[in-house]
Number of protein chains: 4
Amino acid sequence: MNPRATMKLFHFLNSRSKLFQCRVFGENAGSRFSLMSSAGISTARQSYGADGGISSRIYADFSIFKGKAALSAAPVLPTFSKAGSGYTKVDRRGVIMLTFRPAIGERKYDSEKKQLFALSVTEVGSFISLGPGDSCEFYHDPSIQSRDAGQVRKSLSVKPYTDGYFISLSVTNNILKTNERFTVPVTTAEFAVMRAAFNYALPHIMGWAQSTSPPTDGADRDVLKVHPQLAAASEWDR
Amino acid sequence: MNPRATMKLFHFLNSRSKLFQCRVFGENAGSRFSLMSSAGISTARQSYGADGGISSRIYADFSIFKGKAALSAAPVLPTFSKAGSGYTKVDRRGVIMLTFRPAIGERKYDSEKKQLFALSVTEVGSFISLGPGDSCEFYHDPSIQSRDAGQVRKSLSVKPYTDGYFISLSVTNNILKTNERFTVPVTTAEFAVMRAAFNYALPHIMGWAQSTSPPTDGADRDVLKVHPQLAAASEWDR
Amino acid sequence: MNPRATMKLFHFLNSRSKLFQCRVFGENAGSRFSLMSSAGISTARQSYGADGGISSRIYADFSIFKGKAALSAAPVLPTFSKAGSGYTKVDRRGVIMLTFRPAIGERKYDSEKKQLFALSVTEVGSFISLGPGDSCEFYHDPSIQSRDAGQVRKSLSVKPYTDGYFISLSVTNNILKTNERFTVPVTTAEFAVMRAAFNYALPHIMGWAQSTSPPTDGADRDVLKVHPQLAAASEWDR
Amino acid sequence: MNPRATMKLFHFLNSRSKLFQCRVFGENAGSRFSLMSSAGISTARQSYGADGGISSRIYADFSIFKGKAALSAAPVLPTFSKAGSGYTKVDRRGVIMLTFRPAIGERKYDSEKKQLFALSVTEVGSFISLGPGDSCEFYHDPSIQSRDAGQVRKSLSVKPYTDGYFISLSVTNNILKTNERFTVPVTTAEFAVMRAAFNYALPHIMGWAQSTSPPTDGADRDVLKVHPQLAAASEWDR
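The UniProt entry for chain A carries the following text under Sequence similarities (unreviewed entry): "Belongs to the Whirly family."

Below, the discussion takes up the overall build of chain A. Helix and strand counts for chain A stand at six helices and 14 strands. Counting only residues that meet the buried cut, chain A has 59% of its 238 residues in that class. Taking the contacts inside chain A whose residues are at least 6 apart along the sequence as the reference set, 55% of them involve residues at least 24 apart. Roughly 9,600 Å² of accessible area belongs to chain A as shown, and the carbon and sulfur atoms make up 56% of that amount.

As enumerated under the stated definition, the model contains 12 salt bridges over all chains in all. Ionic pairing is found between A:Asp110 and A:Lys113, a salt bridge with its closest N-O pair at 3.6 Å.

This next bit is on the environment of D:Ser111. All names here are of chain D. Among the structural elements, Ser111 can be located in the loop between strand E9 (108-109) and strand E10 (115-119). A residue is classified by how much of its surface remains accessible, and Ser111, at 38% relative accessible area, is partly exposed. Separated by 10 residues in sequence, Ser111 and Arg101 have C-alpha atoms that sit 5.8 Å apart. Polar side-chain contacts of Ser111 include one of 2.9 Å to the side chain of Arg101.

Looking now at the sheet that holds strand E5 (residues 69-76) of chain B. Residues and elements named next belong to chain B. With antiparallel pairing, four strands are arranged side by side in an open sheet as E4-E5-E8-E9. Sheet topology places strand E4 (62-65) and strand E9 (115-119) at the edges, where each strand pairs with a single neighbour. Neighbouring strand axes in the sheet, compared pairwise and without regard to direction, differ in orientation by 15 degrees on average. Bridge count for strand E8 (residues 95-102) against E9 is five bridges, and the pairing is antiparallel. Across the sheet, the residue bridging to Leu98 is Phe117, located in E9.

Moving on: unusual backbone geometry. Positive phi is not limited to glycine here, since B:Arg107 has a value of about 55 degrees. Structurally, B:Arg107 is set in the loop between E8 and E9. According to the relative accessible area criterion, B:Arg107 is exposed, its value standing at 52%. You will see that C:Lys177, though not glycine, has its phi angle at about 55 degrees, which is positive. Mapped onto the elements of the fold, C:Lys177 is located in the loop between strand E12 (164-173) and strand E13 (178-187).

What follows is about the sheet that holds strand E9 (residues 115-119) of chain C. Residue and element names in this part refer to chain C. The four strands are arranged E4-E5-E8-E9 in an open sheet whose pairing can be described as antiparallel. Strands at the two margins of the open sheet, each flanked by one partner only, are strand E4 (62-65) and E9. Taken over all neighbouring pairs, the strand axes of this sheet differ in orientation by 15 degrees on average, direction set aside. Where strand E5 (residues 69-76) and strand E8 (residues 95-102) come together, eight bridges link them in antiparallel fashion. Its bridge partner being in E8, Pro75 is matched across the sheet by Ile96.

This paragraph deals with the pairing of strand E7 (residues 88-92) of chain C. The element E7(C) is largely enclosed, with a buried count of four among its five residues. As defined by bridge partners, strand E3 (residues 58-59) of chain B adjoins E7(C) across two bridges and the pair is classed as parallel. Bridged to B:Ile58 within E7(C) is C:Thr88. Bridge count for strand E6 (residues 79-82) of chain C against E7(C) is four bridges, and the pairing is antiparallel. Residue C:Phe80 lies in a different strand from E7(C), and its bridge partner there is C:Val90.

A separate point is the confidence of the model for chain A. Residues and elements named next belong to chain A. For chain A, the average pLDDT comes to 75, and 67% of its residues sit at 70 or higher. This stretch, residues 1-21, has a pLDDT under 50; its non-local contacts, to residues over four places away or in other chains, come to 36 contacts. Note on residues 24-56: pLDDT is under 50 here. Beyond four places in sequence and across chains, it has 76 contacts. At the level of chain-chain contacts, confidence expressed as ipTM amounts to 0.76, with global pTM at 0.80.

Attention shifts here to the nonpolar core. Counting residues in hydrophobic clusters, the biggest one holds 164 residues, and the most contacted among them are A:Phe198, B:Phe198, C:Phe198 and D:Phe198. Excluding residues that lie within four positions of it along the chain, C:Phe198 makes contacts with C:Ala73, C:Ile96, C:Leu98, C:Leu119, C:Val124, C:Phe127, C:Ile128 and D:Trp208.

Residues and elements named next belong to chain A. Note that Phe138 resides in strand E11 (residues 136-140). Exposure remark for Phe138: the relative accessible area of 0% places this residue in the buried category. For the pair Phe138 and Val193, spaced 55 residues apart in sequence, the C-alpha separation works out to 21 Å.

It is the contact of helix H4 (residues 188-206) of chain B with helix H4 (residues 188-206) of chain C, at a shortest axis distance of 10 Å, that shows an interaxial angle of 85 degrees. It follows that H4(B) is roughly perpendicular to H4(C) by the angle criterion. On H4(C), the residues touching B:Val193, B:Ala196, B:Ala197 and B:Tyr200 of H4(B) are C:Asn199, C:Leu202, C:Pro203 and C:Met206. A breakdown of the residues in the contact of H4(B) with H4(C) according to their chemical character gives seven nonpolar, one polar and no charged.

For the rest of this paragraph, the subject is the side chain of B:Ser155. Turning to its location among the elements, B:Ser155 is positioned in strand E11 (residues 152-161). In contact with B:Ser155, not counting residues within four places along its chain, are B:Phe117, B:Glu137, B:Phe138, B:Tyr139, B:Ser168, B:Leu169 and B:Ser170.

This next bit is on the pairing of E9(C). A regular strand places its side chains so that they alternate between the two faces of the sheet. Among the five residues that make up E9(C), five are buried, leaving the element largely enclosed by the rest of the structure. The two faces of E9(C) match: C:Gln115, C:Phe117 and C:Leu119 on one face and C:Leu116 and C:Ala118 on the other face are all buried.

Turning to the environment of D:Glu123, a few remarks are in order. Its place among the elements puts D:Glu123 in helix H3 (residues 121-128). Here D:Glu123 falls in the buried class, since its relative accessible area comes to 0%.

Definitions and cut-offs
Residues numbered from 1 in each chain as written. Chains lettered and ligands numbered in written order. Predicted model: local features only at pLDDT ≥ 70, side-chain atom pairs only at ≥ 80, totals over all residues. Heavy atoms only, no water. UniProt positions renumbered as here; feature names shortened; annotations may be inferred. Helix = DSSP H or I, 4+ residues; strand = E, 2+ residues; numbered from the N terminus. Buried < 20%, exposed > 50% of the residue type's maximum accessible area, 1.4 Å probe, protein only. Contact = heavy atoms within 4.5 Å. Areas by Shrake-Rupley, 256 points an atom, 1.4 Å probe, with all protein chains shown as cover. Salt bridge = Lys/Arg side-chain N within 4 Å of Asp/Glu carboxyl O. Polar contact = N/O pair within 3.5 Å; in protein donor to acceptor, adjacent residues only side chain to side chain. Pairing = 2+ DSSP bridges. Axes fitted to C-alpha atoms, helices over the stretch in contact; angles between N-to-C directions. pLDDT = per-residue confidence, 0-100. Core = buried A, V, L, I, M, F, W, Y, C linked by side-chain atoms within 4.5 Å. Parallel < 35°, antiparallel > 145°, perpendicular 65-115°, else oblique. Nonpolar A, V, L, I, M, F, W, Y, C, P; charged D, E, K, R; others polar.

Have a look at this one:
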């Protein structure tokens, strides 16, 4: 994402109220681009999980079933690849994927109408640092920086209420002229679970958990070249 | 559990004082149902722990021995199973099992008269987010939503005192006409241990710890299909 | 330790000022007794670490070198053993071992004159929950509940100062008529490291980290019996 | 580092304002010396990572791209070696390496002009315990305690602003008569990520994560001697 644009953005936001302290635009455009490129390259070079296999073998989410919609959250691990110099690095950062499903009856939710919102590492940082009464709003635009910027937009908002937070997702598609909105009331207890689980997941979606733990059997044994930085004995070596 | 009922419930509770902010009904009825179904199904399909073996090979609890009763807490890991599409998912969520034993003499506690209370993921969330002076109360009913609703009930309460919290369990059985009550004074230090240990255990009983770590030798090597969601390159892929 | 005595003790302490909120007596006497018994028994049955080997293969401490003394802290993992029924359980809880060494010159400390203080799980709970301005004091007596009670005593105190805490250990031996005292000023930053490291170590010295993670290659493969409690499908099964 | 000097230093600093509460000098000089010695010795004895291999096989950093400079943070694990008595201990403590790169155009940063600052364990402790409005400043000098003390100096400062912290690095070289300065505005969300990630990394760069987890396949199987301290059954054994 354009750093200067970001600078302007935050300077602009700092004049806003605390309510909007964490408005962020197009966070995911970047990861989407990197995704596309990596997808393109991954035919050329192998992209694999930290264990040499796929990123996740087991699926575990945290779901909240409420009257009008259900919200599920699950970590998506980063992918890794060999860099030119031979060491292994993060190919694409992980995210925490939020899935909203509308209710279509008693305990029934429509997966066909589901909408996804992928919280980036920094957005997870905002989420877990929300204090009582704080609000948060994130904007994602697949076409940011392109001619279609703003045609399709997703926005996720987290707003406090008496016993927790309302988490809402709205998806606006100016091309299809559609506008969907989901709102899920999350209790203090449920939010505490999300905060603890997101805090746990953060170093895993960043790749720090993988970079600090020893290789497993599944690991690509050839990948033993060290990143020049890690080889640097200290900050004084150049 | 009926989501609409839940909605009503929380709306109702929001009008209550902070003291009851985390009253929750029948939390475990749901998990019990899923248990029964999974039990039924598990004859048909294999249910196993994340490592391909049983969920726990080592038993470690945290016990508090006081004058009238002893309280022990231990994590119970989730079980996993293959979904139709071949990926592995949580079959039954884990819990933190609380066990109360009445004292029957100097350092002697009666295991025959023990009573269990299984804290669900969300109840653990309430527990670890208790602030100084906060109280908490949980209700479990095996027959919730059935004709016998309310015949047998367990309620766990956490109430503050000068140097910590009183944790009490009462079990009422209207059919057997029995009513048992245990109260254990938990010091600030002991509560700090429970909070830190429960916070650590949370991602493990949710299955997030297992879904974010590479497979071990014990792991079912065949289980390499990915959940469609995790395969989704980004929130924009459908 | 006698639970009634504990009850009385805490009731007594509750009337004290916050300064002494976490005074604890003989915490370790219990662990020492269990140690002796386990030592006795361990000739009969095998005692081993969670990985089937010894509890710690790598030694890493956190040391603070100050003008009059050095303070080192290191986690000591629990040991495990098979219970009669065949499942594996914690044989002896771990501790965080504090070591004090007096200074005998520029950057020189006398290991011959070192004194140890083993923080129990609950004492670690007190330690990590110390708020700004809080104090803490722990008492250990190897002969508690015996005729020699009070003859040899160790007390560790944590007291706040402008930029952190003074951590002091005094060892009084009425038999040898000796009285040693060490005081180490711990800065806010150093204390933050201790708090974070102790918080990390807590589930490991409790055995929860071992009971929630899959077995490693080193693991005793025979140990697959489950603790009856963990086998309990839910709190309703008896 | 000279402990008496440190004592004087902190006494001196305690009279300063909170703003400078965490000024620390030459923290890294020590680790640099130990590095040099270990480098010298490591030709004689083998130095290896906890898994018997190199410290890091996977490189994952957290990068913040802003208008004038980019800041990257990545954990560097400790190295381990056998002590004379045969047990394994930390050879050199890990750090969190901060890398600053100046911007040279849209989303372009100059790696040739990068400057490194290695946060020591204690500096990481200061960093993660920064409260709202707190500031922090660290000084590194490769020649501390030598004749050239102060000729080359690096200082890292963390200062609060409306929506986060300004993290600045200045490098002064009196010999080359150069003076470089980088400033990166870090938002509250980005700082929350750093705090959570640094908190996660802390036990890993201290070596506690390695000392509390079982050996992996890569592990040096011969290293099974226990540190005398860990062998000590309790604080009462000498």
